[in-house]
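The primary structure of each chain is shown beneath.
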Amino acid sequence: MGQHTLQGRTEDELGWFKRRQFLQAAAAWTALGGYGAALAQGRSNIVRVEGDAMVNGTRLLPGQIIQVGDTVATGPKSSMVVVLGNSSILVRQNTKLSTERGSTPDAVGVLRLVTGAVASVWGRGSERKVLTPTVTAGIRGTGVYTEVLPEKDGREYFCTCYGTVNLSVGASTKLSQAEYHDAFWVDPSAPAGAALRRAPAVNHTDEELEFLAQLVGQRTAWQISGRKGNGSHSGY
């Protein structure tokens, strides 16, 4: 089952990937050639959507294409999975994010999470960034999960599910390297040097990361090694 400890989320919210229509959507996306083919054929790059979502302040339309530079917002009981270049992004309910262009027009250089939660898988290439109100995360060929918790006095959560991430919180920096989930609570009110505190893997699952990796032609570190467990370490 993978990482399945809940903190303010629901079983249904984490179990979406088990539904037949979403598995079929992922298989169809891959069979039809992925992002490049969708772009060439003018098809939507949204692999799944549930409920209502807004793009640049306007309600998402059926078949709409999300572009780098757009602002996306989901409401209660709404979510989506979108592929942009070689990045795949799962947007949970009550989330607002924006993207900025990277090295090419179709590449995400920056994912800026304002509130809510996002799981994302990033193909190899130049370093990209995930930004939250508190964290700057430099990522490359990585799978991560990020959550901003305004109801928890601005506390945040960050997990390097696999890969290498350069984390910065104010003047503090950490190198997080993981084969299988290296997670932190982020407390912006903590004393200098103490903003990052060890956390369990919560609110995201191995299967979600595997699903996202499949969409961009990847496998997770544990799929490659055939081993799950404490293969993580962080540069403390």
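As the structure is a computational prediction, the values presented were derived from the model and not from experiment. (Residues numbered from 1 in each chain as written. Predicted model: local features only at pLDDT ≥ 70, side-chain atom pairs only at ≥ 80, totals over all residues. Heavy atoms only, no water.)

1. Observations concerning the confidence of the model for the chain
Here is step 1: Residue-level pLDDT values for the chain average 85, and 86% of them are 70 or greater.
Here is step 2: Predicted confidence is poor over residues 231–236, with pLDDT under 50, and the contacts of this stretch with residues over four places away or in other chains come to 23 contacts. (pLDDT = per-residue confidence, 0-100. Contact = heavy atoms within 4.5 Å.)

2. Remarks on the nonpolar core
Here is step 1: Within the largest apolar cluster, 32 residues are counted, with the highest numbers of intra-cluster contacts made by Leu-111, Ala-137 and Leu-167.
Here is step 2: Of all the elements in the fold, those that place two or more residues in this core are β2 (53–55), β5 (79–84), β6 (87–91), β8 (108–122), β10 (135–149), β11 (155–169) and β13 (182–186).
Here is step 3: If sequence neighbours within four positions are ignored, Ala-137 has contacts with Arg-128, Lys-129, Val-130, Phe-158, Val-165, Asn-166 and Leu-167.
Here is step 4: One finds Tyr-145, Tyr-157, Cys-159 and Leu-215 within the second-largest nonpolar core, a separate group that totals 31 residues. (Core = buried A, V, L, I, M, F, W, Y, C linked by side-chain atoms within 4.5 Å. Buried < 20%, exposed > 50% of the residue type's maximum accessible area, 1.4 Å probe, protein only. Helix = DSSP H or I, 4+ residues; strand = E, 2+ residues; numbered from the N terminus.)

3. Quick notes on the pattern of salt bridges
Here is step 1: Per the stated rule, a full pass over the model turns up 7 salt bridges.
Here is step 2: With a closest N to O distance of 3.2 Å, Glu-50 and Arg-48 form a salt bridge.
Here is step 3: Owing to a relative accessible area of 29%, Glu-50 belongs among the partly exposed residues under this scheme.
Here is step 4: A relative accessible area of 3% means that Arg-48 is categorised as buried.
Here is step 5: Among the ionic pairs, Lys-228 bridges to Asp-206, the shortest N-O distance being 3.0 Å. Of this pair, Lys-228 sits in the loop between α5 (221–225) and β15 (233–234) while Asp-206 sits in helix α4 (residues 206–215), and the two are 22 residues apart along the sequence.
Here is step 6: For Lys-228, a relative accessible area of 44% gives the class partly exposed. (Salt bridge = Lys/Arg side-chain N within 4 Å of Asp/Glu carboxyl O.)

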